[in-house]
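In case you want the letters, here they are:
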Amino acid sequence: MKIQQLSVFLENQPGQIVKPCRLLASEGINIRTLSVADTKQFGILRMIVSDWRRATQLLQDAGYVVNVTEVVAIEVPDEPGGLSRVLEVLENSPINVEYMYSFAFGCRDTAVMIFRFDQSDAAIKLLQAAGISVVESVEIYSRAGQT
Amino acid sequence: MIGTAENVKQRFNPVSAPDYLPVPLLRDLQLTRLQSTVRRAFENVDLTRERMKKQGVRPEDIQSLDDLPRLPFTVKADLRDTYPYGLFACPLRDVVRLHASSGTTGKPIVVAYTQDDLDVWTSVMARALASYGIHRDDIFQNAHGYGLFTGGLGFHYGLEALGVTVIPISGGSTDRQVMIMKDFKVTAICATPSYFVHMLERASEMGVDVRELPLRAGGFGAEPWSESMRRHIEAAAGIKAYDCYGLSEITGPGVGAECWFQGGPHIFEDHFYPEIIDPETGENVPDGVEGELVVTTLSKQAMPMIRFRTRDITALVAEPCPCGRTLRRIRRIGRRSDDMLIIRGVNLYPSQIESALLAVEGTLPHYQIILTREKGLDQVEVQVEVTPEVFGDRIRALVDLKEKLTRAVENTLGLRVSVSLVEPHSIQRSEGKAKRVIDRRTES
């Protein structure tokens, strides 16, 4: 149910973000989607990649500090109100969305979004009970292979 | 109970016997040795003779240890001004070894040893190691640089005299250091504290948990290191980390060493006589009061040092140590008056910043202080490397960490600073003494 997201610490300087991307590219690892959270001085590059174990090792060997976090991929209908319906399921729960970002690919008329919850398991249970499709990790990686 | 076998927690090593001289005998020995040192310097070293004459003091005026403050000081600049051989008190043919300081600016300073001097140095190093509980069954990794720096050879001779198995690996090649530490089943080590921290970091990257190795003790010195740094090292390596005090001008490492109780180094006073002075006025201050450490060598032949101003800020601890040694201790050197930075008129020491940083998360040993000047105003930037322990996926946690670090440093210094979190390994590692401060204030 949950998928592994890699976070990499970067200083906010021109040219910093290309280095880890180039490193993964040279080893044939595909970055499926990413988001950057930044402050004036530093940032966090968050990525979903095709082989997270190998990517973590490569990045660490290159001297990066890497954090692995479990996140949840959810299918969101690509139509007005699609995202609201997902969020409304959680509205009255104590579950907090830390951040979210979307996948570079969709499936027909849905988008896939990455959610970082403070309580992933509780969130999954709640969303599934409301009929919202949580994407299996296997599915993410196999889609990654197709596109 | 003082000095019982149970108290000292380690076997008594006969090389340590001079550490336990009854105080009256020790003072008597110090006076005799002081008198002959002063005479030797007066007769053979032009600089000392001229200064003593100018001050109106002759060797025979030294009738008790209390007469010591009548003698003139020697300072580091004197060694530079007389470079290379001007302070020698013996013919060069009696000198069997030369060492030189790293000398960050211009010419290095040169120090000389006769065979007797080397023998004394070896004996105090053996006593230092014995006070760390090192014995002939130990396998010792000497990661101090071998060469002109006194650290490597100083430890080496002391270790051999003690019958310890020495690995003369010297500094550098960190991956190999870790491999050898593990494969050779090293039980004790010496290095600068900053280099050892770097070794621990490499070890962890290489998948080696130093806490699970046989390593149990380390002697660290050659640069000021804080008590929080010691706690970090002890926890991260699973060892006891002992302070080793020394300086090339006096002999090298082995001027003083901590015992099991880690209450600051005992000075090997039968060879090195300590005083504390007010660095501003040059007046002696009472025991327990902080000031600059001044050391007079009591048995050096090649290069006697009369009242050498070490620039190290500390205090003499006269209270007896539970280990039973009669040698006085000094407080651990937290700072050197050389390291003092004056920022917007405020006096500041890098070690204060180190303690503040370590107090926050306990895992941030790599830092650097960068001083710049903007519109005539000094700016302080503290760069701190991010470690896996403090790094997560949430930006807010990092922003909080940065704020906490900023507050901790500002509260300690009473001065606005900007803290930057930087990528691992972006701060240059040193294999010897760490360079903590980059002062760019004169560049613009």
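Residues numbered from 1 in each chain as written. Chains lettered and ligands numbered in written order. Predicted model: local features only at pLDDT ≥ 70, side-chain atom pairs only at ≥ 80, totals over all residues. Heavy atoms only, no water.

Visitor: Tell me about the overall build of chain B, residues and numbers included.
Guide: Looking only at helices and strands, chain B features eleven helices and 21 strands. Computed over the C-alpha atoms, the radius of gyration of chain B is 22 Å, within 12% of the 22 Å expected from 2.2 N^0.38 for a compact globule of 444 residues. Expressed as lengths along the three principal axes of its C-alpha atoms, the size of chain B is roughly 70 × 55 × 45 Å. Sorting the 444 residues of chain B into buried and exposed places 55% on the buried side. Residue pairs at least 24 apart in sequence account for 65% of intrachain contacts in chain B once pairs closer than 6 positions are excluded. (Helix = DSSP H or I, 4+ residues; strand = E, 2+ residues; numbered from the N terminus. Rg over C-alpha atoms; globule rule 2.2 N^0.38 Å. Buried < 20%, exposed > 50% of the residue type's maximum accessible area, 1.4 Å probe, protein only. Contact = heavy atoms within 4.5 Å.)

Visitor: Report on the sheet that holds strand β19 (residues 377–385) of chain B, specifying residues and quantitative values.
Guide: Within a sheet, each strand pairs with its neighbour through backbone hydrogen bonds, oriented either parallel or antiparallel. All names here are of chain B. The strand order across the open sheet built from four strands is β20-β19-β18-β21, with neighbouring strands paired in mixed fashion. Looking at strand neighbours, the two that pair on one side only are β20 (418–422) and β21 (437–439), the edges of this open sheet. Taking the axes of each pair of neighbouring strands and ignoring which way they run, one obtains an average angle of 25° across the sheet. Two elements, strand β18 (residues 367–374) and β21, share three bridges in a ladder whose sense is parallel. Residue Leu371 lies in a different strand from β21, and its bridge partner there is Asp439. Packed on one face of the sheet, helix α11 (residues 395–413) meets β19 and β20 and runs near 140° to β20. (Pairing = 2+ DSSP bridges. Axes fitted to C-alpha atoms, helices over the stretch in contact; angles between N-to-C directions.)

Visitor: Report on the sheet that holds strand β10 (residues 272–277) of chain B, specifying residues and quantitative values.
Guide: Residues and elements named next belong to chain B. Ordered in space as β10-β11-β12-β15, the four strands form an open sheet in which the pairing is antiparallel. Two strands bound the open sheet, and with one partner strand each, they are β10 and β15 (335–336). Taken together, the six bridges between β10 and strand β11 (residues 291–297) define a ladder with antiparallel strand orientation. Note that in β11 the partner of Glu275 across the bridge is Val294.

Visitor: How would you sum up the packing of aromatic side chains? Please name residues and give values.
Guide: For the structure on display, the rule yields eleven aromatic pairs over all chains. On the numbers, 6.5 Å between centres and 20° between planes, the contact of Tyr99 of chain A with Tyr101 of chain A is stacked. Here the two residues Tyr99 of chain A and Tyr101 of chain A agree in accessibility, since each one is buried. Note on Phe220 of chain B and Trp225 of chain B: the rings are 5.7 Å apart at their centroids and 70° apart in plane angle, and the pair reads as edge-to-face. Here Phe220 of chain B falls in the buried class, since its relative accessible area comes to 0%. Seen from the ring of Tyr113 of chain B, Lys300 of chain B lies directly overhead, with NZ or CZ sitting 5.4 Å from the centre. (Phe/Tyr/Trp six-rings, centres within 6.5 Å; stacked < 30°, edge-to-face > 60°. Lys NZ or Arg CZ within 6 Å of the ring centre and 35° of its normal.)

Visitor: I'd love a proper account of the side chain of Ser226 of chain B, names of residues and values included.
Guide: Along the polypeptide, Ser226 of chain B turns up in the loop between β6 (217–221) and α9 (227–237). Excluding its chain neighbours within four sequence positions, the residues that come into contact with Ser226 of chain B are Arg332, Ser351, Glu354, Ser355 and Leu358 of chain B.

Visitor: Explain the packing of helix α8 (residues 193–205) of chain B against α9 of chain B residue by residue, including any values.
Guide: All names here are of chain B. Between α8 and α9, whose axes approach to 11 Å, the crossing angle comes to 30°. Between α8 and α9 lies a crossing whose hand is left-handed. Contact with α8, carried on its side by Pro193, Phe196, Val197 and Leu200, involves Met229, His232, Ile233, Ala236 and Ala237 of α9 and no other residues of that element. Across the contact of α8 with α9, the residue classes tally to eight nonpolar, one polar and no charged. (Left-handed = near helix turned anticlockwise from the far one by under 90°. Nonpolar A, V, L, I, M, F, W, Y, C, P; charged D, E, K, R; others polar.)

Visitor: Could you give an account of the interface of chain A and chain B, naming the residues involved and the relevant values?
Guide: The interface is formed by 24 residues belonging to chain A together with 20 residues belonging to chain B. For the chain A and chain B pair, buried surface summed over both sides reaches about 1700 Å², with 60% attributable to carbon and sulfur atoms. Here chain A and chain B share three salt bridges between them. Here Arg116 of chain A ties to Asp393 of chain B by a salt bridge, and the two come within 2.6 Å at their closest N and O atoms. Secondary structure elements with two or more residues in the side of chain A that touches chain B: β1 (2–11), β2 (31–38), β3 (42–49), β4 (66–77) and β5 (97–107) of chain A. Considering every element that reaches the side of chain A that touches chain B, the biggest residue donor is β1 of chain A, with six residues. (Buried area = accessible area lost by both parts, 1.4 Å probe. Salt bridge = Lys/Arg side-chain N within 4 Å of Asp/Glu carboxyl O.)

Visitor: So what's going on with the domain arrangement of chain A? Residues and values would help.
Guide: All names here are of chain A. Domain assignment breaks chain A into domain 1 (2–70) and domain 2 (71–143). Here the C-alpha centroids of domain 1 and domain 2 sit 22 Å apart. Facing the 16 residues of domain 1 at the interface are 17 residues of domain 2. Here domain 1 and domain 2 share an interface that buries about 1400 Å² over both sides, 57% of which is from carbon and sulfur atoms. Ranking the residues of domain 1 by area buried against domain 2 places Lys2, Ile3 and Arg32 at the top, with a combined share of 45%. Joining domain 1 to domain 2, the criterion identifies one salt bridge. Counting across the domain 1 and domain 2 interface gives six residue pairs in polar contact (both at pLDDT 80 or more). Going through the elements one at a time, β1, β2, β3 and β4 are the ones with two or more residues in the side of domain 1 that touches domain 2. (Domains from an automatic or database assignment. Polar contact = N/O pair within 3.5 Å; in protein donor to acceptor, adjacent residues only side chain to side chain.)

Visitor: Outline the nonpolar core, listing residues and values.
Guide: All names here are of chain B. Counting 52 residues, the largest nonpolar core has Leu129, Ile134 and Phe140 as the members making the most contacts within it. For this core, the leading source of residues is helix α5 (residues 115–131), giving seven residues. Among the nonpolar cores identified, the runner-up in size contains 30 residues, and Ile343, Leu348, Val384 and Val409 belong to it. (Core = buried A, V, L, I, M, F, W, Y, C linked by side-chain atoms within 4.5 Å.)

Visitor: Summarise a nonpolar patch on the surface; cite the residues concerned and give the values.
Guide: Residues and elements named next belong to chain A. Judged by side-chain polarity, Ile17, Val18, Leu34 and Val36 come together as a nonpolar surface patch covering roughly 290 Å² of accessible area. Within the element layout of this structure, Val18 appears in helix α1 (residues 18–26). Owing to a relative accessible area of 37%, Val18 belongs among the partly exposed residues under this scheme. (Patch = residues over 30% accessible without salt bridge, like charges linked within 9 Å, V, L, I, M, F, W, Y side chains within 5 Å. Areas by Shrake-Rupley, 256 points an atom, 1.4 Å probe, with all protein chains shown as cover.)

Visitor: Quick rundown of α11 of chain B? Include the residues and the values.
Guide: Residues and elements named next belong to chain B. Taking 1.5 Å as the rise per residue, α11 with 19 residues should run 27 Å; its terminal C-alpha atoms sit 27 Å apart, in good agreement. Within the span of α11, buried status applies to Leu398, Leu401, Leu405, Thr406, Ala408, Val409 and Leu413. Taken end-on, α11 shows its buried residues confined to a sector of 165°, consistent with a single buried face. The exposed residues of α11 that point more than 90 degrees off its buried face are Arg396 and Asn411. Directly beyond the C-terminal end of α11, a positive phi value near 65° is found at Gly414. (Expected span 1.5 Å × (residues − 1). Arc of directions from axis to C-beta.)

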